[in-house]
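Residue-level listing of the chains:
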Amino acid sequence: MSFGIEAAGYYVPGLYLEMKDLAEKRGIEPAKLEKGLGLHKMGLSDVHEDAATFAAEALLKLIQDYDINPKEIARVYLGTESAVDAAKPTASYAVQMVEKVLEEEFGARCFKNCDVLDMTFACVGGVDALHNALDFVRVNPDKKAVVIASDYAKYELASSGEYTQGGGAVSLLVSSKPDLLEIENNWGVASESVFDFFKPRRLYNKENLNGAPETYPEKIEIFTDEPVFDGQYSNQCYQDRIKEAYYHYKEITGQEKPYENWKYIIFHLPYAFHGKRVFTEIYSLENNLSYETADEQKAVAKSENYLKLINDKIEKTQRASSEIGNMYTASIFMAFLSALQIAFNENEELSGKEIGFVGYGSGSKSKVFAGKVSGNWRKVAEKWNLFENLNQRTAVDFETYEKLHRKQLKESVNRAYKGFGLVSIETENPVLIGARYYSFQK
């Protein structure tokens, strides 16, 4: 019996900022972002959107596109580092929103007997969710699970991470009927506790916070979406962990050069060109190339054979990231959809081809695994229309982008949006302070 991904859906917010507009305002040469990093557009959350609405949109699309009975879903695992609450899982908000929409067809609380939870390990949390969902269906082959990866990447204005921002969600139906991708049960894993990128609770003195109630303690902990990070160190941690996980995968599978067997290499993409940049070390080691000095590293990256590898195995996976930006946990799965969507559009046959996945999450951990494309993959991919949908989004100007970032807008930029939206956050009822309420606009 085989196990893996039966179907897939996604959601990308309908607003974006042209990267050239950001470059102009920040005094950056546009070519550095567009040609150097592969960044063209930055997906933006509207006022009414958050990780919960992204997840709900992706879950509902998955159910409706593939005529799934929600009562057949035994578990919903959400990978996110953009949780809307530190205790109540973001997945519970998403599931509740979708339940309301499906109520007329399937009755009230159609996910009543579904196990729902979040998983968090920076950008690898979605891969963790997939790993656990696969373990579940292997033990329970008559059951189905849904994995959702939902996030928005947000950095401080004018910071070195600002131009990598983005967001959205990808949903995956995991079962013993892997019509899209059959995933083998071999996982290369590497982890080490480091501080390359993290989102700590930060201490502030009460007197420095306007309007802080007298009942608050003298030291107040505040959480913000913007991370503390060291870009160069994080890149090195990424490279170190994926190398360790790759060689662990190589050890447990007994393959001489695993990447050579892969039609595509799917990376977590903090920015579009990141995967092809960090894989040079593994490529050098696998081919006994010298990689000690900066000149040697550049020589490998610009070599004819490595450029061919990029063109054959990586380039198609990058294209969606160029249009969206960093999706954190969802970025690795969007890279997967990107490659398959292009293959579908170009009438390329992928059945039986093996695809390798190289996941990374700061903090830090990497997981490497692989799967074979199903003979039915085209019937799954025909529902996506990924790049057509990306072309339907609305551009915003730089002023609107900054107001969205600072949360200075009270009404959605897209006043006529359809779908899930945050309606209100409770501010008065003492036993419901902070409760979030959502609705669905038809």
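Everything that follows concerns the structure shown earlier in this document.
All figures in this text were calculated on a predicted structure; none of them were measured in a lab.

**Examining a nonpolar patch on the surface**
On the surface, Val423, Val431, Leu432 and Tyr437 cluster together into a nonpolar patch covering about 380 Å² of accessible area. Checked against the element boundaries, Leu432 lands in the loop between β18 (419-425) and β19 (436-441).

**Observations concerning the pattern of salt bridges**
Per the stated rule, a full pass over the model turns up 28 salt bridges. For Glu162, the salt bridge is made with Arg26, and the minimal N-O distance between the two is 2.7 Å. Taken together, the residues Glu162 in the loop between β6 (144-153) and β7 (166-175) and Arg26 in helix α1 (residues 19-26) connect sequence positions 136 residues apart. We note a salt bridge from Glu348 to Lys316, for which the minimum N-O separation is 3.0 Å. Of this pair, Glu348 sits in the loop between α11 (331-345) and β15 (354-361) while Lys316 sits in helix α10 (residues 304-324); the two residues are 32 residues apart in sequence, bridging distant segments of the chain. Judged by relative accessible area, which is 15%, Lys316 ranks as buried. Shared partners join several salt bridges into a network, and the residues in it are Arg26, Glu162, Glu402 and Arg406.

**A word on the sheet that holds strand β17 (residues 394-395)**
Taken in spatial order, the three strands make up an open sheet running β3-β2-β17, and their pairing is mixed. Only two strands of the sheet have a single neighbouring strand rather than two, namely β3 (41-44) and β17. With four bridges joining them, strand β2 (residues 15-18) and β3 adopt antiparallel strand pairing. What sits directly across from Leu17, in β3, is Met42. Contacting β2 and β3, α1 crosses the sheet at an angle of about 50° to β2.

**Some points on the nonpolar core**
Counting 112 residues, the largest nonpolar core has Phe111, Met334 and Trp384 as its most contacted members. Here this core takes eleven residues from α11, the largest share from any one element. Residues in contact with Trp384, not counting those within four places in the same chain, are Ala8, Tyr10, Tyr66, Leu180, Leu337, Leu340, Gln341 and Asn389. The next biggest cluster of nonpolar side chains, apart from the first, holds 19 residues, and it includes Leu17, Tyr271, Val396 and Leu404.

**Digging into the side chain of Ser175**
Inspection of the secondary structure assignment puts Ser175 in strand β7. Side-chain polar atoms of Ser175 contact the side chain of Glu6, separated by 2.6 Å. Non-local contacts of Ser175, meaning those with residues more than four positions away in its chain, are made with Ser2, Phe3, Gly4, Glu6, Val137, Lys143 and Lys144.

**Re the packing of aromatic side chains**
Under the criterion given, the structure shown has 21 aromatic pairs. Seen in terms of ring centroids, Phe197 and Tyr328 are 5.8 Å apart; in terms of plane orientation they differ by 80°. Their pairing is edge-to-face. Here the residue Phe197 occupies a position in strand β10 (residues 197-198), and Tyr328 occupies one in the loop between α10 and α11, the gap between them amounting to 131 residues. Here Phe197 matches Tyr328 in class, with each residue buried. Residues Tyr246 and Trp262 carry aromatic rings whose centres are separated by 6.2 Å and whose planes lie at 90° to one another, so their mutual orientation is edge-to-face. Of this pair, Tyr246 sits in helix α6 (residues 231-253) while Trp262 sits in strand β14 (residues 262-267), and the two are 16 residues apart along the sequence. Taken as a pair, Tyr246 and Trp262 share a single burial class, namely buried.

**Concerning the layout of surface pockets**
Empty space within the second largest pocket amounts to approximately 1,000 Å³. Along its surface, the second largest pocket is lined by 45 residues, and Asn235, Tyr271, His274, Arg277 and Val278 are the ones closest to its centre. For the lining of the second largest pocket, the secondary-structure elements that each account for two or more residues are α2 (30-36), α6, α7 (274-278), α8 (280-286), α9 (294-301), α10 and β15. Residue contributions to the lining of the second largest pocket peak at nine residues, all from α6. Considering only residue class, the lining of the second largest pocket consists of 19 nonpolar, 17 polar and nine charged.

What counts, and at which threshold
- Residues numbered from 1 in each chain as written.
- Predicted model: local features only at pLDDT ≥ 70, side-chain atom pairs only at ≥ 80, totals over all residues.
- Heavy atoms only, no water.
- Patch = residues over 30% accessible without salt bridge, like charges linked within 9 Å, V, L, I, M, F, W, Y side chains within 5 Å.
- Areas by Shrake-Rupley, 256 points an atom, 1.4 Å probe, with all protein chains shown as cover.
- Salt bridge = Lys/Arg side-chain N within 4 Å of Asp/Glu carboxyl O.
- Helix = DSSP H or I, 4+ residues; strand = E, 2+ residues; numbered from the N terminus.
- Buried < 20%, exposed > 50% of the residue type's maximum accessible area, 1.4 Å probe, protein only.
- Pairing = 2+ DSSP bridges.
- Contact = heavy atoms within 4.5 Å.
- Axes fitted to C-alpha atoms, helices over the stretch in contact; angles between N-to-C directions.
- Core = buried A, V, L, I, M, F, W, Y, C linked by side-chain atoms within 4.5 Å.
- Polar contact = N/O pair within 3.5 Å; in protein donor to acceptor, adjacent residues only side chain to side chain.
- Phe/Tyr/Trp six-rings, centres within 6.5 Å; stacked < 30°, edge-to-face > 60°.
- 1 Å grid on protein atoms, 1.4 Å probe; cavity = no way out; pocket = protein on both sides within 12 Å on 5 of 7 lines; lining within 4 Å.
- Points joined across faces, edges and corners; volume = space filled by probe spheres on them.
- Nonpolar A, V, L, I, M, F, W, Y, C, P; charged D, E, K, R; others polar.

So far we have only geometry, and geometry alone does not tell us how the molecule works.
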